Amino acid sequence: MMSSSSKLVLYSYWQSSCAWRVRFALNIKGLAYEYRSVHLRKGEQFSPEFKKLNPLCFVPVLVDGDIVVSDSFAILLYLNEKYPQIALLPSDPQLRALNLQVSNIVSSSMQPLIMQSILKYIEEKFGPAERQLWVQHNIERGFQALEKLLKDFASTYATGEEVYMADVFLAPQISVAEMRFNIDMSKFPTLNRIYKSCKDLPEFQASVPERQPDAEL
């Protein structure tokens, strides 16, 4: 059941994995929001109006009344504090730190290295084969670390039986790796199990790119 927090506005793009995390989190928390598309391939993120919201010209951006928050990591922390129902972080200090660590690996050590602008530059300079090698190296290096980090903690989800921030960051990243870059997830059984659990959630299913209002199928 969605809450009546209709003041929430999410600036998103259907194919952005960063925006996907926020859509997933909002759904988990049951927070209603207005979806505003920013077409990245058309360069709408560079418009003067959007630059006022985020000078870096990235999605997602969340507007909550007079408050504007950009960057998915910051947005999820904000949502967890402002709307404490259905917490995105566990109360246990060790598990809380682990969720933050996993989220940070995805957002800082993996996703920025496979952004479309980066991949386009590599392909133009070195060719498509080098582009794929770059993608595979950086995704698999991150997944190897995450697999080791979570194998002794994961159950149905990344850190137990509840969905937390680690899952919110992992599931979209795994989906992108598998569907867009053909990464073999059988190499990472713990991560693959977590992803399959998330895929069964209605909140995740509603957040997938092809179900967004700006999807181009």
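Every value quoted in this text rests on a predicted model; they were computed, and no experiment measured them. (Residues numbered from 1 in each chain as written. Predicted model: local features only at pLDDT ≥ 70, side-chain atom pairs only at ≥ 80, totals over all residues. Heavy atoms only, no water.)

> Describe the side chain of Gln-173, and please don't skip the residues or the numbers.
Positionally, Gln-173 belongs in helix H7 (residues 165-179). Not counting residues up to four positions away in its chain, the partners in contact with Gln-173 are Ser-17, Arg-21, Val-106, Met-110, Gln-111, Ile-114 and Phe-143. (Helix = DSSP H or I, 4+ residues; strand = E, 2+ residues; numbered from the N terminus. Contact = heavy atoms within 4.5 Å.)

> Would you mind going over the UniProt feature "domain: GST C-terminal" (unreviewed entry) in the protein chain in detail, with residue names and values included?
Mapped onto this numbering, the UniProt entry gives "domain: GST C-terminal" (unreviewed entry) at residues 92-217. Here residues 92-217 runs as 65% helix and 0% strand, with 42 Å between its end C-alpha atoms. (UniProt positions renumbered as here; feature names shortened; annotations may be inferred.)

> Go over the nonpolar core, please, and point to the residues and values.
Ranked by size, the top nonpolar core spans 55 residues in total, and within it Ile-139, Phe-143, Leu-146, Leu-170 and Leu-191 carry the most contacts. When residues of this core are traced back to their parent elements, those giving at least two are strand E1 (8-12), helix H1 (17-29), helix H3 (72-82), helix H4 (93-110), helix H6 (128-150), H7 and helix H8 (189-199). Among the elements that line this core, the one with the most residues is H7, at nine residues. Excluding residues within four positions of it along the chain, Leu-191 makes contact with Phe-143, Leu-146, Glu-147, Leu-150, Leu-170, Ile-174 and Met-185. (Core = buried A, V, L, I, M, F, W, Y, C linked by side-chain atoms within 4.5 Å. Buried < 20%, exposed > 50% of the residue type's maximum accessible area, 1.4 Å probe, protein only.)

> Which residues make up the side chain of Asn-99, and what are the values?
Residue placement: Asn-99 occurs in helix H4. Each residue touching Asn-99, except ones within four places of it in the same chain, is listed here: Leu-89, Pro-90, Thr-159, Tyr-164, Met-165 and Ala-166.

> Tell me about the pattern of salt bridges, and please be specific about residues and values.
Note that side chains of opposite charge can pair when their charged atoms are close. Counted according to the given criterion, the structure contains six salt bridges. The closest approach of N and O atoms between Asp-64 and Lys-7, which form a salt bridge, is 3.6 Å. Within this pair, whereas Asp-64 is found in strand E3 (residues 61-64), its partner Lys-7 is found in the segment before E1, the two being separated by 57 residues in sequence. The exposure class of Asp-64 is buried, given its relative accessible area of 3%. For Arg-131, the salt bridge identified is with Glu-123, shortest N-O distance 3.3 Å. The exposure class assigned to Arg-131 is buried, which follows from its relative accessible area of 18%. The exposure class assigned to Glu-123 is partly exposed, which follows from its relative accessible area of 36%. One salt-bridge network, held together by shared partners, links Lys-7, Asp-64 and Lys-82. (Salt bridge = Lys/Arg side-chain N within 4 Å of Asp/Glu carboxyl O.)

> Give a detailed account of the layout of surface pockets, specifying residues and quantitative values.
Approximately 950 Å³ is the volume found for the largest pocket. Lining the largest pocket we find 34 residues, and of these Leu-40, Phe-58, Gln-111, Met-115 and Gln-116 sit closest to its centre. When residues of the lining of the largest pocket are traced back to their parent elements, those giving at least two are H1, H3, H4, helix H5 (116-126) and H7. When the residues that make up the lining of the largest pocket are grouped by side-chain class, the tally is 15 nonpolar, 13 polar and six charged. Put simply, the second largest pocket is a space of about 270 Å³. Lining the second largest pocket are 13 residues, with Trp-20, Ser-175, Met-179, Pro-209 and Glu-210 sitting closest to its centre. Counting only elements with at least two residues in the lining of the second largest pocket, the list comes to H7 and H8. A per-element tally of the lining of the second largest pocket places H7 first, with three residues. (1 Å grid on protein atoms, 1.4 Å probe; cavity = no way out; pocket = protein on both sides within 12 Å on 5 of 7 lines; lining within 4 Å. Points joined across faces, edges and corners; volume = space filled by probe spheres on them. Nonpolar A, V, L, I, M, F, W, Y, C, P; charged D, E, K, R; others polar.)

> Hey, could you go over the pairing of E1 for me, with residue numbers and the actual values?
In terms of burial, E1 is largely enclosed, as five of its five residues are buried. Because side chains alternate across E1, one face comprises the buried residues Leu-8, Leu-10 and Ser-12, and the other comprises Val-9 and Tyr-11, equally buried. Strand direction decides the pairing type here: E1 and strand E2 (residues 34-37), joined by four bridges, are parallel. Bridged to Leu-10 within E2 is Tyr-35. Viewed along the sheet, the connection from E1 through H1 into E2 turns out right-handed. (Pairing = 2+ DSSP bridges. Right-handed = clockwise from strand over helix to strand, strands pointing away.)

> I'd like a rundown of the confidence of the model for the protein chain, residues and numbers included.
Low pLDDT marks stretches whose predicted atomic positions should not be read closely. In this model, the protein chain carries a mean pLDDT of 95, and residues with pLDDT of at least 70 account for 97%. For residues 1-5, every residue scores under 50 in pLDDT, and the model assigns this stretch eleven contacts once sequence neighbours within four places are set aside. (pLDDT = per-residue confidence, 0-100.)

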